[in-house]
Every structure is written in structure tokens, then in C-alpha cells.
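Observations on the three-dimensional arrangement
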2 protein chains.
Amino acid sequence: MSRSNSTILLSPEELSLRLSHVTKLMRTDGIGSALINDNANIYYLTGRVIDGYLLIDSQSNSMWAFVRRPSNLEGPTTFAIRKPEDIPAILAENGITIGEKVGLERDNSSWSTIHRLSKVFEDREICNIDHVLLAARSVKTPTEIALIAESGIRQTEVYRKIPSLYQPGMTDIDLQIEIERQLRLAGCLGQFRIAGDSMELFMANILVGDNADNPSPYDFAMGGHGAHPSLPVGADGTVIKRGHTVMVDANGNFTGYMTDMTRVFAFGEISDMARRAHECSRKICHTLAEIARPGIEAKYLFEKAIEIVKEEGLEDYFMGHRQHAGFIGHGVGIQINEHPVIAPRSRDILREGNVIALEPKFVIPGTGAVGIENTYVVIADSPMQCLTTAPEEILSL
Amino acid sequence: MSRSNSTILLSPEELSLRLSHVTKLMRTDGIGSALINDNANIYYLTGRVIDGYLLIDSQSNSMWAFVRRPSNLEGPTTFAIRKPEDIPAILAENGITIGEKVGLERDNSSWSTIHRLSKVFEDREICNIDHVLLAARSVKTPTEIALIAESGIRQTEVYRKIPSLYQPGMTDIDLQIEIERQLRLAGCLGQFRIAGDSMELFMANILVGDNADNPSPYDFAMGGHGAHPSLPVGADGTVIKRGHTVMVDANGNFTGYMTDMTRVFAFGEISDMARRAHECSRKICHTLAEIARPGIEAKYLFEKAIEIVKEEGLEDYFMGHRQHAGFIGHGVGIQINEHPVIAPRSRDILREGNVIALEPKFVIPGTGAVGIENTYVVIADSPMQCLTTAPEEILSL
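Bear in mind that the values here come from a model prediction, so they are computed numbers and not experimental data.

**Overview of the overall build of chain A**
Looking only at helices and strands, one finds 10 helices and 17 strands in chain A. Against the globule reference of 21 Å for 397 residues, chain A gives a C-alpha radius of gyration of 22 Å, in line with a compact fold. Projecting the C-alpha coordinates of chain A onto the three principal axes gives extents of approximately 75 × 40 × 35 Å. Counting the 397 residues in chain A, one finds 62% classified as buried. Sequence separation of at least 24 residues holds for 66% of the intrachain contacts in chain A that already meet a minimum separation of 6. As presented, chain A carries roughly 14,400 Å² of accessible surface, and 50% of it is formed by carbon and sulfur atoms. Mean positive and mean negative side-chain charge positions of chain A (38 and 51 charges, respectively) differ by 2 Å.

Okay, structure coming up:
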């Protein structure tokens, strides 16, 4: 495979669109410059991952790259560095001036990294820039939406194969291995980006039967015991038995942009309550997809979901049974947990171009987890568009 | 599967041994208390992952757990919290006093997390604790060494199957998928812990032919173009052809503790220089394993390796060709990149119980990557013991 040596792999129009998303928000907050180091943010602004820094000037809409690795990158605004302390001299030599207030990624970078970078710009006022990048990245460009849609199509194709991967006697881990292999054979990149100090994720999470009710330390919608106490989430070696549900929550990263989709499979007949809760999840997704529009509060979607759950009398099982998750949806894109967050105290307002995974799920004791998850795009003047279109019914294994 | 609800899954003796490793170093540095939040450090001190904090007092060798999730943990020194700001009141109610100087994980936690925790202990002096944990964790207990050794045995079994997984016409990615599947079927947990702000890792890295010479932004020993610019490392879809080497660097996490092993396979005859460089890598490993003893400087091992490489006239190809890595080995355990670091400016001194992956590798243009990687234990008065014992020769596919 060949790949350009240009630091920027985005088209000039796409770069301009993304950069202007960021700099507009910077100017609103009075932030003159930003130094970007996080892989997800660098990918957003260049179309590749580099070991180094992007410096953004919000007044001139300009961006410079200071690259440690790889060693072969080229571009009119690209400078090779060995360490961040090299940056001020390069700025001086090239007559580049930066703003009085410099934003650093205080939520994403370690204290030690920020402490070091703050010394590099010790004559400036330092502030946080992560909320700006989160907000900019939450409104996807048409190019980004197309990349997410492509991931959805390819992920859906793999989901259609899941019933054929099941063999009698399999454990949840056995099935997980075969699903992950099919995802990879279909082009899934095999690595997922996730934000947060202590978040770790498998390519595919499979919850079978009562393992869905085991609490986990991770801030995901569902829990699970996990195969080992060092990674206590998801599949735990449960043999798939008659009357169990099998929840498959795999992430579709085929394009550098992800979709998130959950479907439920069953072996044999499952309880009526489980079927009813699954239909309730579908009703929530369809209702929220119908009412979500630019300008709607994210927390209103959460409240609407709770209203539907209460009508069905299913609140004890919603978003977990022994332990409950505090959200029913989240933005998705370069990372699996972006903005907006669909939660009771979310201050996010939906905007055109948001891409949101909705996952109203239930844990029914004795049966397992039910419910669906779809990835949707927020559109002006029409219902959200669903990008994950595998059949939503509980399919038999 | 059942698992105890006890916060501490380690035996009392094992906990005492690990905790005393940590508190001894804390006392040397005059650090009275430490608040631990990082998954790897929490796993070291409890045998499980929790969402919450461990508070350590270095004078009394005591530890308390403040747990947000999972919701079902129990123990005489375990307290449920909703947020870290709840901790001071719990300390006061239970008559727990903490030291004047409180260590936080400034290298591992985000600036924002440290800023928030510093406010919780605003009446105390705050310092870094990560170097203490790194140093403590670098000296493995007998129990930890046994868990690493078990991973090595199980990883070696999978490596023996690699030639049988190859099918003519396969790309590097195709082979990677089948190796990763075999690792998972053998019980590999499928997730690797790695330290560092911007480090991301596949379960198995495969480098075929000249792709090994493509520079990558990541701080690994070898590079590779990667399948996509969003994850520019490792396999890139190169079809395995006659005269290529196939380097397999997969991580063996079967027990919560990892081994690191690299082996090279070839399809057809490869160049004499590649064979010579491969033997040079083996010679370096065997020589360093022979001379490494408690008290030896880590940088001396690096210097000795360079000496051997220069004797063979292979320095242009050592640790990369177009881009060179700055180290030839690293500690391994709960994370894949622990201490000591075998690098020219390392200040680490080898200690009994260190577990070190040595990976003196070469990139030969036109052929690919060669060399081996083994995981060794540092032992008093004898050569290091090798825990990764797959055949070291270049095997035919």
C-alpha cells in the first residue's frame, strides 16, 4: 500500500471545514491558540496519527504541525522536532505569533504532560481546549457522516452472519472470538478508540444469560463478569443454554470512524417479559429517532425514554438490574464515547450532524440482556437517520 | 463463573508483600499517603479492577478502598463512594489520618483528574506517586513471576501452530487474524494494557517484507504502515511473497500478566544478510541473558548489544532502517511497557525479580524484519531465565 507523505491527508476543503469548526468555538471562548497532542484530535485535524503536536491559531484559521514521528512527513507547515521544548524557537524563526491564551488538552493528557507543555508556554495564560474539540467533533461533516455510514453498512453485513457462526455447546467467549474474526475479515481495523482515564474495550462484547446482571467497574451501558478479574467486563465463559439471550454489542470501526450496534439472539424460547422489554427498547429507539431534531435537549430524550419504560412497568430492569447505567446514548465517531451524552443531567443540545448511538437496554433476571442499539444521524426537519440496519427482532441461534 | 465479592482477591501474604514494596519506597521518598486510581496499579494492589481509589498509608502499611463501581464489593476497609469528594468525610468518620504529603498518579491521570483530586486534599502537599508504583511493580513477586511464566507457556503453544495457519496467497492481515483467533481460543484475554498518553496496540503485530521499513508514529521497536491512516502501525495488507520475512510479535496476556515474544517465519529463501542479522539478534539475546544480573546497569545491556551489532557491521539496520527505535528492551508484567527500560540513557539498575523483554531486531531492505524477542526473569547469581521458549530459528511457512 502507498500513502502520501503529506502531513495532512484531508482534502483542503475538508481541513478548512473542520478547522473552522474548531477555531469558531475557540474565538467564542477567547482562546487564541491551541496545542493538540491527542491521537483522536490529531486524526480529526489531519486524517492521520502522528507523534507530535498541532498548533492552531484561531484568528488566522492556521495550523502548524510539529512532528517527532514518523520521520518521513512533509508539508509547508510541518516542522520536525525532538521534543516540545523545540517549538518556541521554531515559532520565532518562522515569524509565527501565537495568542495570549493557549488551550491544552487538560482532560486527555496526563498531569505531567500538561505541566511540561505549560512550561513551554510559560509566558502565556493556559486553559483547557478539550471541550472545544469535543464540541467541534460532535458535529460531523458530510465526509465524516459518509465514513460512519460506510462502517454501518459493513458492520451490518457481519451481523447478518452471526446466527451461522453459532455452534451448539459454544460459550459466550467462543462466539465472541468467531464474531471478532468475521469483523476483522470484513475489514474492521481491530482497535477501538475510547475516551477516559480508565476505559478499556473489547472489539465485541457478548453477554449471555445472567452474566448480563454482573456489575462491572467500567462506565458502559451493560456490565458482565469478564473472563478474568484483570478485565472484569463482558463474556465470562458462560455456555449458551436454552432460554438465554445472547446480546452482541460490537463496534464497527472500518473507516477510522465507528458505528455502534447491539442486537440480541436467543437459543430456544425466552421469557415473555424479555420479549416485552426488547420491544420496549425498539419503541424507545423509534420514538426518540422520530422526535430528535436540532435544538432538542439531550436530557429530554432521556426523560422520554424513562416515560416509555414506566408505561411498561419495566423500570427495575432498565439499563441494568443489580447495577444501573446513568445514560442511554452517546455520540460516536473517531471515539466510541463522544458528545452529545444522552443522560438526565446532560447539558448537550442536539445539533444537525450529531451522530448518536442509542442503547436503551434491559437486564431480565433468568433470561439475560435484551434491547437494541443503533447509530443515528441528527438531520434538520426530519427524523434521525439510522446507519445500523441489521434486523432488530430477536433472532434464533 | 463465580468470583469473590471481596475487594482484595490477593492472598493476605501476597497483598502484604506488594504493599510493603510500595510503602518502603514511599517512606524513602518521604511520602506519607498515596491515592491510586489507575487500572494497572489497582490490579497490582487488589487483584481486580475497580472504578474508585485505593488510599495507602506508608507508616502503618495500611490500605483502604473507596469504590464507585462495581456496586457489590465488600471488605472491612472498603467504602462505597459516589465521587472522590466523599473521601475526606469518610476518613474523618472512621478516624483515619493521612500523611502530610499525598502522592497522586500525575503521569497516568489526566491533568483535570489530578486537579480535582488535589482539591480534595487541598490542605496537604501533593506530589507524584507513579515512579514509586513503577519501581515497586518492576520487581515481581514469586506469584507474579509464576503468572508471567504461565502466560509464556501458553503463548509458546500458540506460536508453535503459526506455520500451520499460513495459506498461500494470504496477506499479513489475514495471517494476523488467524493468529489472534488462536491466541483467543487458547485463553488469551484479548486486551493489552499499555502505559503512555498516546499508545495503542494490536493483539498481534505482523510485519511482512518491506512494510517493516515504514516509519510509524508509535514508540514501538518496529513500525509498519498499518491498514489505515487512523492506526498507522503493523500489517498493511501486504501479500506474503517468496523471499519475505514474516515477523510475528504477539503479546501473551493469559493471566493478567503478559509475556512478549517475537519470532520470524519465511516463505521461500531469504537473503544471507537477513539470516546473519537474525543470528546476530539471537547472539545478543543469549549474551545479555548470560550477563544480566542484579546490580547491572540497564544501559550496559544496551551498550553490549550495540557492540555485538558493530562487530557484525549491521548497525544501519539495527532497530529499524529508515527510522530507528531508541531502546532494545523493556520491563513487562501487568502492562506491556514497564520498567526497567533497556536504552542508552536509562538510569535503571537491574534487580532480582525484574521481568524484561529483549527485542534486538533488524530491518533488512528487500527482505523484511528479522530478530527475536524473549521475556526473561532476572535471577541472583545465575543467567536470566527465558519464559518464551518457542524455537528461535527462522521457520518456513
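Now that the structure has been shown, the text picks up again.
**As for the sheet that holds strand β2 (residues 51–57) of chain B**
Residues and elements named next belong to chain B. Reading across from one edge, β4-β3-β2-β1-β5-β6 is the order of the six strands in this open sheet, with mixed pairing throughout. Edge strands, defined here as strands with exactly one partner in the open sheet, are β4 (78–80) and β6 (125–128). In this sheet, neighbouring strand axes are inclined to one another by 25 degrees on average, regardless of whether the strands run parallel or antiparallel. Across two bridges, strand β1 (residues 33–36) lies against strand β5 (residues 101–104) in parallel orientation. If you follow Ala-34 over to β5, its bridge partner there is Gly-103. Contacts between helix α2 (residues 39–46) and the sheet are confined to β1, β2 and β3 (62–69), with β2 contributing the most and set at about 60 degrees to the helix.

**Comments concerning the sheet that holds strand β11 (residues 338–342) of chain A**
Residues and elements named next belong to chain A. The sheet built from five strands is open, its strands ordered β11-β10-β12-β15-β16 with antiparallel pairing. Only two strands of the sheet have a single neighbouring strand rather than two, namely β11 and β16 (385–386). Bridging between strand β10 (residues 329–331) and β11 involves three bridges; their strand directions are antiparallel. Each residue of the ladder has a partner; that of His-330, found in β11, is Val-341.

**Section: the pattern of salt bridges**
Throughout the structure, instances matching the rule amount to 45 salt bridges over all chains. Linking A:Glu338 and A:Arg137 is a salt bridge whose minimum nitrogen-to-oxygen distance equals 2.7 Å. With a gap of 201 residues between them, A:Glu338 in strand β11 and A:Arg137 in helix α5 (residues 130–138) connect regions that are remote in the sequence. With a relative accessible area of 3%, A:Arg137 lands in the buried category. Across the pair B:Arg68 and B:Asp51 runs a salt bridge whose closest N-O atoms are separated by 2.9 Å. Taken as a pair, B:Arg68 in strand β3 and B:Asp51 in strand β2 lie far apart in primary sequence, 17 residues in all. A relative accessible area of 13% places B:Asp51 in the buried class.

**A few points about the interface of chain A and chain B**
Contact residues are listed per partner, giving 64 residues for chain A and 63 residues for chain B. Connecting chain A to chain B are six salt bridges. A salt bridge links A:Arg69 to B:Asp219; its shortest N-O distance comes to 3.6 Å. Scanning the region where chain A abuts chain B turns up 22 residue pairs in polar contact (both at pLDDT 80 or more). Elements with a contribution of two residues or more to the side of chain A that touches chain B: α2 (39–46), α4 (111–120) and α8 (172–185) of chain A. In terms of residue count, the dominant contributor to the side of chain A that touches chain B is α8(A) (eight residues).

**Describing the relation of the copies chain A and chain B**
Relating one copy of the chain to the other requires a rotation about an axis plus a shift along that axis. Mapping chain A onto chain B calls for a rotation angle of 180 degrees and an axial translation of 0.0 Å; the resulting RMSD is 0.0 Å. Put plainly, the chains are arranged around a two-fold axis. Of the interface residues in chain A, 98% have counterparts in chain B that sit at the interface too, so the contact is made through matching surfaces.

**Details of the environment of B:Arg68**
Residue B:Arg68 is classed as partly exposed on the basis of its relative accessible area of 29%. When the C-alpha atoms of B:Arg68 and B:Thr375 are compared, they prove to be 36 Å apart, with 307 residues separating the residues in sequence.

**Thoughts on the packing of aromatic side chains**
Residues and elements named next belong to chain A. Under the definition given, this model contains 10 aromatic pairs over all chains. Here the aromatic rings of Tyr-43 and Tyr-257 are separated by 6.0 Å at their centres, their planes lie at 45 degrees, and the arrangement is tilted. Of this pair, Tyr-43 sits in helix α2 while Tyr-257 sits in the loop between β8 (244–253) and β9 (258–267), and the two are 214 residues apart along the sequence. Since its relative accessible area comes to 1%, Tyr-257 is described here as buried.

**A look at the nonpolar core**
Counting residues in each nonpolar core, the largest one holds 138 residues, and the members touching the most others are A:Leu45 and B:Leu45. If we ignore the near neighbours within four places in the chain, the residues touching B:Leu45 are B:Ile8, B:Leu10, B:Leu15, B:Arg18, B:Leu19, B:Val22, B:Ile36, B:Leu54, B:Ile56, B:Met63 and B:Leu133.

**A look at the side chain of A:Lys361**
Residue and element names in this part refer to chain A. Inspection of the secondary structure assignment puts Lys-361 in strand β13 (residues 361–364). Of note is the side chain of Lys-361, whose polar atom sits 3.1 Å from the side chain of Asp-249. Within polar-contact distance, the side chain of Lys-361 engages the side chain of Glu-359 at 2.9 Å. Dropping the residues within four chain positions of it, Lys-361 is found in contact with Met-222, Met-247, Asp-249, Thr-262, Tyr-317, Phe-318, Met-319, Gly-320, Val-370, Ile-372 and Glu-373.

**Re empty space enclosed by the protein**
Rolled over the atoms, a probe with the dimensions of a water molecule shows which regions are left empty. The full count for this structure, using the stated rule, is eight cavities of 30 Å³ or more. Of the voids in this model, the largest cavity is the one considered here, and its volume is about 880 Å³. In this structure, the largest cavity is lined by 38 residues; those nearest its centre are A:Gly196, A:Asp197, A:Met199, B:Gly196 and B:Met199. Of all the elements in the fold, those that place two or more residues in the lining of the largest cavity are α2 of chain A together with α2 of chain B. The residue inventory of the lining of the largest cavity, partitioned by class, reads 12 nonpolar, 16 polar and 10 charged.

**Re unusual backbone geometry**
In the segment running from A:His339 into A:Pro340, the intervening peptide bond is cis, with an omega of 0 degrees. Within the secondary structure layout, A:Pro340 lies in strand β11. The omega torsion across B:Arg69 and B:Pro70 is -5 degrees, close enough to zero to call that bond cis. Positioned with a positive phi, B:Met319 is a non-glycine residue whose angle comes to about 60 degrees.

**Section: the confidence of the model for chain A**
With 99% of its residues at a pLDDT of 70 or more, chain A shows a mean pLDDT of 95. Interface predicted TM-score (ipTM) for the complex: 0.95; the corresponding pTM is 0.96.

**Re the packing of helix α1 (residues 12–28) of chain B against α2(B)**
Residue and element names in this part refer to chain B. Interhelical geometry of α1 versus α2 gives an angle of 130 degrees and a closest axis separation of 8 Å. Taken together, the axes of α1 and α2 are oblique relative to one another. The segment α1 lies against α2, with Leu-15, Arg-18, Leu-19, His-21 and Val-22 engaging Tyr-43, Tyr-44 and Leu-45. Classifying every residue of the contact of α1 with α2 by side-chain character gives six nonpolar, one polar and one charged.

**As for helix α6 (residues 142–160) of chain A**
Residues and elements named next belong to chain A. Taking 1.5 Å per residue, 19 residues should reach 27 Å; α6 reaches 27 Å between its end C-alpha atoms and fits that length. Those residues of α6 that fall on the buried side of the exposure criterion are Glu-144, Ile-148, Ser-151, Gly-152, Gln-155, Thr-156, Val-158 and Tyr-159. All buried residues of α6 fall inside an arc of 155 degrees around its axis, so they share one side. Exposed positions of α6 whose direction lies more than 90 degrees from the buried face are Pro-142, Ile-153 and Arg-160.

Conventions we followed
- Think of each chain on its own: its residues are numbered from 1, step by step along the sequence as written.
- Here the convention is simple: chains get letters from A, ligands get numbers from 1, in the order in which they are written.
- The predicted nature of this model means local features are confined to residues of pLDDT at least 70 and side-chain atom pairs, given and counted, to a pLDDT of 80 or more, with totals for whole chains, interfaces and linings taken over all residues.
- Calculated side-chain values reflect all of the structure's heavy atoms, with hydrogen atoms and water omitted.
- A run of DSSP states H or I qualifies as a helix once it reaches four residues; a run of E qualifies as a strand once it reaches two. Both are numbered from the N-terminal end.
- As defined in this context, the radius of gyration uses C-alpha atoms, and a globule is described by 2.2 Å times the residue total to the power 0.38.
- The cut-offs for exposure are 20% and 50% of the maximum accessible area for each residue type, with area from a 1.4 Å probe on protein chains only; residues under the lower value are buried, those over the upper are exposed, and the others partly exposed.
- Contacts between residues were defined by any pair of non-hydrogen atoms, one from each residue, lying within 4.5 Å.
- The protein chains shown are the only cover counted for residues, whose accessible areas, like all others here, come from Shrake-Rupley with a 1.4 Å probe.
- His is not counted, nor are the chain ends; Lys and Arg add positive charge and Asp and Glu add negative charge.
- For charged residues, the charge sits on one atom: NZ in Lys, CZ in Arg, CG in Asp, CD in Glu.
- DSSP-based pairing: two strands are paired if at least 2 bridges between them are found.
- Simply put, an axis is a line fit to the C-alpha atoms, just over the touching stretch for a helix, and the angle between two N-to-C directions goes from 0 to 180 degrees.
- Throughout this description, the term salt bridge denotes a Lys or Arg side-chain nitrogen within 4 Å of a carboxyl oxygen of Asp or Glu.
- Pairs of N or O atoms within 3.5 Å make up the polar contacts considered here, provided that, within protein, one atom can donate a hydrogen while the other can accept it, and that residues adjacent in sequence are counted only when both atoms are side-chain atoms.
- Only residues with pLDDT of at least 70 in both copies contribute their C-alpha atoms to the least-squares superposition of the copies.
- Aromatic rings from Phe, Tyr and Trp, with only the six-membered ring used for Trp, were paired whenever their centres fell within 6.5 Å, and each pair was classed as stacked if the ring planes differed by under 30 degrees, edge-to-face if by over 60, and tilted otherwise.
- For this analysis, a nonpolar core means a set of buried residues of the types Ala, Val, Leu, Ile, Met, Phe, Trp, Tyr and Cys, connected via side-chain atoms within 4.5 Å.
- Only protein atoms enter the 1 Å grid, on which a cavity is a set of points fitting a 1.4 Å probe that cannot get out and a pocket is an open set with protein on both sides within 12 Å along at least 5 of 7 lines, lining residues being those with an atom within 4 Å of a point.
- Grid points are joined across faces, edges and corners, and a volume is the space filled by probe spheres set on the points.
- The classification used treats Ala, Val, Leu, Ile, Met, Phe, Trp, Tyr, Cys and Pro as nonpolar, Asp, Glu, Lys and Arg as charged, and all other residues, Gly among them, as polar.
- Each residue gets a pLDDT score, which is the predictor's confidence in that residue and runs from 0 to 100.
- In this scheme, roughly parallel covers angles under 35 degrees and roughly antiparallel covers those over 145, while 65 to 115 is roughly perpendicular and the rest are oblique.
- Each helix should span, by expectation, one fewer than its residue count multiplied by 1.5 Å.
- An arc is given here, and it is the one of the directions from the helix axis to the C-beta atoms.

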